[in-house]
Amino acid sequence: MKIKQILLTITAVVTSVACLNNAYADGHTTRGNHHVGIGYSQMNSTTVAGTTTSLNLSSVSVALGTALNDNFSVEARFGLGSKDHTSRKIDKTYGAYLKAGMYLSQNLYPYAILGYSKANIRSSADGSTVRESDVSVGLGINVDFMQSDIDVALEYMRYVQETNLKMNSLSASLYSYF
């Protein structure tokens, strides 16, 4: 019950801030405050289930977010993965994140990202699934090549760093603003 109250309070605060800042004037572009994105990640994963196994997996993810102001945005992501040669795959990843960044120019926006992620890796050989969740941290940069509503983002993220699963990724994404 207490977790539900905390989540409702956080949701109310974020929604209030987003509504108050919905009409902020971004001095860098005239794009919208909301964004949707699609990304491809190359993930390096280590699972520990009796023996340590290192995996190189890929994932495709979608993101939906909103800017709170010029320097902060919130984002939710959901990703699905592909199998590697060992019959293991990323079943799914999902999480909620806060991005904090600053424009270096009209085209460059480096950022730090902090959030909470859940990840599942499944083995089709024995039917086992490793599930973990953790605080996620990362660094990235958005690049707006043509002063448009579309950005390219490059990002490094440490999704999970738990006993049974360690997962890091390097990803490239396209974001559209509305």
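Here the structure is shown first, and the text comes after it.
Chemist: Now, about the overall build of the chain: what can you tell me, with residues and values included?
Modeler: A tally of regular secondary structure across the chain gives 1 helix and 8 strands. When each of the 178 residues of the chain is scored for burial, the buried share is 38%. When contacts within the chain are restricted to residue pairs at least 6 apart in sequence, long-range pairs at least 24 apart make up 53% of them. Surface accessibility of the chain: about 9900 Å² in total, with carbon and sulfur atoms responsible for 64%.

Chemist: Requested: an account of the pattern of salt bridges, with residues and values cited.
Modeler: Applying the stated criterion across every chain yields a total of 3 salt bridges. Measuring nitrogen to oxygen at the nearest pair gives 3.3 Å for the salt bridge that ties Glu 75 to Lys 99. Of the two residues, Glu 75 sits in strand E3 (residues 72-81) while Lys 99 sits in strand E4 (residues 88-101), which places them 24 residues apart along the sequence. For Glu 75, a relative accessible area of 4% gives the class buried. The partner of Glu 155 in a salt bridge is Arg 77, and the shortest N-O contact between them spans 2.7 Å. Taken together, the residues Glu 155 in strand E7 (residues 150-161) and Arg 77 in strand E3 connect sequence positions 78 residues apart. Residues Glu 155 and Arg 77 agree in their burial class; the two are buried. One network of salt bridges, with partners in common, ties together Glu 75, Arg 77, Lys 99 and Glu 155.

Chemist: For the packing of aromatic side chains, give the residues involved together with the corresponding values.
Modeler: Going through the model one piece at a time under the given rule, you end up with 1 aromatic pair. Over the ring of Tyr 97 we find Arg 77; its NZ or CZ atom is 5.2 Å from the centre of that ring. Sitting over the ring of Tyr 111, Lys 99 keeps its end group 4.5 Å from the ring centre.

Chemist: Tell me about the nonpolar core, and please be specific about residues and values.
Modeler: Formed by 21 residues in total, the largest nonpolar core has its most connected members in Ile 121, Tyr 159, Val 160, Leu 165 and Met 167. When contributions to this core are tallied by element, the ones reaching two or more residues are strand E2 (51-67), E4, strand E5 (108-123), E7 and strand E8 (165-177). For this core, the leading source of residues is E5, giving 5 residues.

Chemist: I'd love a proper account of a nonpolar patch on the surface, names of residues and values included.
Modeler: A surface patch of nonpolar side chains, about 820 Å² in accessible area, is lined by Ile 38, Tyr 40, Val 60, Val 62, Phe 78, Leu 80, Tyr 94, Ile 150 and Leu 174. You can see Val 62 is positioned in strand E2.

Chemist: Account for the pairing of E8, naming residues and giving values.
Modeler: Because side chains alternate across E8, one face comprises the buried residues Leu 165, Met 167, Ser 169, Ser 171, Ser 173, Tyr 175 and Tyr 177, and the other comprises Lys 166, Asn 168, Leu 170, Ala 172, Leu 174 and Ser 176, none of which is buried. In terms of strand pairing, E7 meets E8 through 11 bridges, oriented antiparallel. Among the inter-strand pairings, Asp 151 is bridged to a residue of E8, identified as Tyr 175. Hairpin geometry of E7 and E8 is characterised by an intervening segment of 3 residues between the two adjacent antiparallel strands.

Analysis parameters
- Residues numbered from 1 in each chain as written.
- Predicted model: local features only at pLDDT ≥ 70, side-chain atom pairs only at ≥ 80, totals over all residues.
- Heavy atoms only, no water.
- Helix = DSSP H or I, 4+ residues; strand = E, 2+ residues; numbered from the N terminus.
- Buried < 20%, exposed > 50% of the residue type's maximum accessible area, 1.4 Å probe, protein only.
- Contact = heavy atoms within 4.5 Å.
- Areas by Shrake-Rupley, 256 points an atom, 1.4 Å probe, with all protein chains shown as cover.
- Salt bridge = Lys/Arg side-chain N within 4 Å of Asp/Glu carboxyl O.
- Phe/Tyr/Trp six-rings, centres within 6.5 Å; stacked < 30°, edge-to-face > 60°.
- Lys NZ or Arg CZ within 6 Å of the ring centre and 35° of its normal.
- Core = buried A, V, L, I, M, F, W, Y, C linked by side-chain atoms within 4.5 Å.
- Patch = residues over 30% accessible without salt bridge, like charges linked within 9 Å, V, L, I, M, F, W, Y side chains within 5 Å.
- Pairing = 2+ DSSP bridges.

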